[in-house]
Amino acid sequence: MSEYNLERLDDLIIDNMKIYQRTDQFRFSIDAILLAHFPKYKGKGRYVELGTGTGVIPLVATSLGAGHVTGIEINPITAELAERSVRYNHKEQQVEIICCDYRTMTLQALKSGGQSLDESCSIDTNSQAEKRNVPDNLPFDGVLINPPYYGTNTGHVSVSSDVAKALHEGTTMLGEALESAKKLVKFRGYCWMIYTAERLAYALDQLKLQQFEVKRMRFVHSFHHSEAKLVLIETMQGGKPGMTVEAPLVIYKEQNVYSEEVASWYGR
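Keep in mind that this is a model prediction, so the values were computed, not measured. (Residues numbered from 1 in each chain as written. Predicted model: local features only at pLDDT ≥ 70, side-chain atom pairs only at ≥ 80, totals over all residues. Heavy atoms only, no water.)

1. Points about unusual backbone geometry
- At His 90, a position not held by glycine, the phi torsion is positive, near 55°.
- As for its placement among the helices and strands, His 90 is situated in the loop between helix H3 (76-88) and strand E5 (95-99).
- Classification of His 90 as exposed rests on a relative accessible area of 65%.
- Unlike most non-glycine residues, Asn 256 shows phi in positive territory, near 65°. (Helix = DSSP H or I, 4+ residues; strand = E, 2+ residues; numbered from the N terminus. Buried < 20%, exposed > 50% of the residue type's maximum accessible area, 1.4 Å probe, protein only.)

See the structure below:
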């Protein structure tokens, strides 16, 4: 089957935006939308997402007021789809996609438009550097992370290696993502992440190792009567102790019907 037959253009139902995805690659789910709505963005703020996939979080974040978002993606296939989605939605001045491995990249490489993983990366990083509309006074105001939730031997493992890498630790560990976040965010800058609730203790340990102090937390429930499956976490690099646990976020009020809060995000 041709790769073009695997491709589709999906409606985000947010600000009339659409996004390119492929059926043989990892496709975004509700957790990306949840994370995109969690930060309190600033119009002049500069943010970066580690592991952006097809770029849904940068697109939604800029529609919610983020000044500029850089999306970093290791998979050249999804990075290319993300770049095309940026152009399709006329977000070139607000969103930049860089194809590289954030675990090994340097701030200098990011300033110059990133570095491609290898020759298979279809994004021209030289042209990226020329079109950049982001000041070089890094670090960023905030980092967003939607990391692999599952350990190497837990959860259903997809037959697609690219999908498996997005869902399971192995290629990228949570600690590596947070170590990279620490390098990219300014002192007293923010790191937001979404994670599986059952591994919350592990996430908190990893955050503490990188001097990220939890400031805000919100548990996510599928229904009012169900237990929390996910948790949204806001941390501050070098922040002082003190945390707020917000009211739970409920996704559905009944089967296949979004709660009022989640429904309000769509159709804008």
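2. Looking at helix H8 (residues 200-209)
- Among all positions in H8, only Leu 200, Ala 203, Gln 206 and Leu 207 are buried. Down the axis of H8, the buried side of the element spans an arc of 125°, and every buried residue falls inside it. Opposite its buried face, H8 presents the exposed residues Ala 201, Lys 208 and Leu 209, each directed more than 90 degrees away.
- In this structure, the buried residues of H8 make contact with helix H7 (174-184), strand E7 (185-196), strand E8 (212-221) and strand E9 (228-237). (Arc of directions from axis to C-beta. Contact = heavy atoms within 4.5 Å.)

3. Quick notes on the side chain of Thr 196
- By secondary structure assignment, the location of Thr 196 is in strand E7.
- Sequence-distant contacts of Thr 196, that is, excluding residues within four places in its chain, are made with Tyr 149, Lys 229, Leu 230 and Val 231.

4. Some remarks on the packing of H7 against H8
- Look at H7 against H8: their axes get within 9 Å of each other, and the N-to-C directions meet at 35°. The interaxial crossing formed by H7 with H8 has right-handed handedness. Contacts between H7 and H8 involve Leu 174, Gly 175 and Leu 178 on the former and, on the latter, Tyr 202, Ala 203, Gln 206 and Leu 207.
- Partitioned by chemical class, the residues of the contact of H7 with H8 number five nonpolar, two polar and no charged. (Axes fitted to C-alpha atoms, helices over the stretch in contact; angles between N-to-C directions. Left-handed = near helix turned anticlockwise from the far one by under 90°. Nonpolar A, V, L, I, M, F, W, Y, C, P; charged D, E, K, R; others polar.)

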